[in-house]
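What the coordinates show
Here's the letter readout for the chains.
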Amino acid sequence: VKLTLLMMPADIIITSSIPVEEMVMSATCNAPEGKEPDASMASFGHLFQFTSSFEKLLLFIGMLCALGCGAAMPTMLIAFGDAFDQLGVAETLPGQSVLGTEMTKMLLTFMWIGIGLGAGKCIYISSVDYVCSAQMLKYKAAFLKAVLRQEVAWYDTSSPEELSTKFEQSMVKVKKGLSASAFVVFEGLGYGVSSFIVAFLYQAEVAGVTLAAVPLLIISAGIMMFIMENGNKVVTTAYGKAGGTATEALFAIRTVVSFGLEKHFEQRYSESLAGARTATVRNVTSFGVAAGCALSSYLVMMAVGIVYGSFRLADEMENSAFDFIVPLPQGRYNHFCANSKNEFLSNITISSLSGACPGPARPFQMACSIASAFSQVGVASLGFENLADFRKHLQSHAPAEYIEDNRKYFKCLFPTTDVLLAILAIMMAGEGLSMAGHPAAVIQAARQAATEVSAIIDRVPKIDSFSDAGLTPAAC
């Protein structure tokens, strides 16, 4: 205590009215004493405690830009949708080709999305990293001030030779949690949530069926986590048992040799190692199967969605199909004939409602997907002047049960484009949400590290050399 008093400045000794014993006990009680740091995590407000109002505004702008960058990814599906429609026309109506204007439109859409993504990433990375650099400077200044203001007794119990190393390790984690790489969590959330929205907007039923395969991914991931956490316990126990057997034999080696127990201990040791080998093989095999199921779950989800959508689309084609015959003046009818694949061959004008198509040709079957294709390329070849007349003809001749469910008829209830885009959007949602996993863990680690650093920064000693309060030699 006397040595401590001699090392203190004179003004501290004069201004302090606290007994030295209390000061020493306070420093001792508040010191870590070699214990593990508190496992609790700092709040986000405490993690960003040194940010100014301007820096908080930059973080808010960065968060919005990160969310926008994530949400921009599924918007590419909208551009793909127009291209899929044109490809569908070329496949449905032989002789038709993809319009160059549509391809140009799709490419321009991609270009503008790319420009928006680049601008958004530039804004949020630069703004967040600027705030991170400012925060790190303030953290270091506050920590240095906190260390210098502590009383001598605190150094005696705080291992000062380890402070710089601990602070450096904590600051590495805090910096990662404050940097732009951590804000990828918002980009992933924007990506995943917007993809879910796009999927359910395009085809909610197919999106829901696709998500029905998610339990396969959850169960596989759960098995992998269980094996990682508990799989080594059996192996460790078996190796420990083998090591105990070896220690027992070596400790009493002369007794073992005297009674000829070498084979006995060798058998016990081999049985323990065999158990460890069996457990290792079982763990590796189970982990491999679970990992394979987890990786293939995305393919299973896509297959479920495609199979379900295909059956629904096939049913709708059958329910909406009818023989396409256009009535003409003077009691004549324009019959459209097709081959066995329902590909249009020719049209024949006769005064009868049947028997116009010679074998092996058959009447051309109009369906909702074919009507949609004709609505995009024009209906003049079918004998109609405009789409309105074509729509009236379809609504009056198509099956009444189907018209009750789909009055438009031009677009199927389960169009191929919407089915594919819904499945792709669900796949993109899984990819987006997986992006947020690692940054979230980095932020959690930063909050834990900030708790350890803040415990020193926030500690105010009872004898504070940085405080102007109390008596000073000049005032006496």
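This text goes with the structure placed above it.
The paragraphs below set out a description of the structure included in this document. In this text, all values refer to a predicted model and were calculated from it rather than measured experimentally.

Calculation criteria
Residues numbered from 1 in each chain as written. Predicted model: local features only at pLDDT ≥ 70, side-chain atom pairs only at ≥ 80, totals over all residues. Heavy atoms only, no water. Helix = DSSP H or I, 4+ residues; strand = E, 2+ residues; numbered from the N terminus. Buried < 20%, exposed > 50% of the residue type's maximum accessible area, 1.4 Å probe, protein only. Contact = heavy atoms within 4.5 Å. Disulfide = S-S within 2.5 Å. Salt bridge = Lys/Arg side-chain N within 4 Å of Asp/Glu carboxyl O. Core = buried A, V, L, I, M, F, W, Y, C linked by side-chain atoms within 4.5 Å. Pairing = 2+ DSSP bridges. Expected span 1.5 Å × (residues − 1). Arc of directions from axis to C-beta.

Points about the environment of P363
- Within the secondary structure, P363 is located in strand 5 (residues 362-363).
- The exposure class assigned to P363 is partly exposed, which follows from its relative accessible area of 37%.
- As a C-alpha pair, P363 and F322 span 41 residues in sequence and 9.1 Å in three-dimensional space.
- Leaving out residues up to four positions away in the same chain, P363 has contacts with D323, F336, N342 and C357.

A closer look at the state of the cysteines
- Counting across every chain of the model gives one disulfide.
- Cysteine C69 shares no disulfide, and the gap to the nearest cysteine sulfur, in C65, comes to 6.6 Å.

Here's the deal with the environment of I218
- With respect to the helices, strands and loops of the structure, I218 is situated in helix 11 (residues 214-251).
- Accessibility expressed as a relative area gives 56% for I218, which makes it exposed.
- On a C-alpha basis, the gap between I218 and A294 in space is 7.9 Å, while along the polypeptide they are 76 residues apart.

Considerations on the side chain of S195
- Considering the arrangement of structural elements, one finds S195 in helix 10 (residues 184-211).
- Setting aside its immediate chain neighbours within four residues, S195 contacts P74, A425, M428 and A429.

A few points about the pattern of salt bridges
- Across all of its chains, the model carries five salt bridges by this definition.
- Among the ionic pairs, E151 bridges to R459, the shortest N-O distance being 3.3 Å. You can see E151 sitting in the loop between helix 7 (100-149) and helix 8 (152-157) and its partner R459 sitting in the segment after helix 18 (437-457), a full 308 residues away along the chain.
- Exposure remark for E151: the relative accessible area of 5% places this residue in the buried category.
- E205 is paired through a salt bridge with R312; the nearest N and O atoms lie 2.4 Å apart. Linking E205 in helix 10 with R312 in helix 13 (residues 262-320), this pair joins segments that are 107 residues apart in sequence.

Here's the deal with the nonpolar core
- Judged by nonpolar contacts, the single largest core of 35 residues is most densely connected at L47, Y139, V174 and L178.
- Looking at this core element by element, the count peaks at 12 residues for helix 7.
- Membership of the second largest hydrophobic core comes to 23 residues, among which are A367, F374, F390 and L394.

A look at the pairing of strand 3 (residues 332-338)
- Within strand 3, five of the seven residues are buried, which leaves it mostly tucked inside the rest of the structure.
- Sheet analysis places strand 2 (residues 325-328) next to strand 3, joined by four bridges and oriented antiparallel. Bridging across to strand 3, P327 finds its partner in Y333.
- In this antiparallel pair of consecutive strands, strand 2 and strand 3, the connection spans three residues, and Q330 shows a positive phi of 65°.
- In this sheet, strand 5 lies alongside strand 3 in antiparallel orientation, the contact comprising two bridges. Looking at strand 5, one finds that C337 is bridged to P363.

Quick word on helix 9 (residues 163-178)
- Compared with the 22 Å implied by 1.5 Å per residue over 16 residues, the 22 Å span of helix 9 between its first and last C-alpha is a close match.
- Listing the buried residues of helix 9 in full gives L163, F167, S170, M171, V174, G177 and L178. Summarising the axial view, the buried residues of helix 9 lie within an arc of 115°, below the 170-degree limit, and thus occupy one face. Exposed and oriented more than 90 degrees from the buried face of helix 9 are E168 and Q169.

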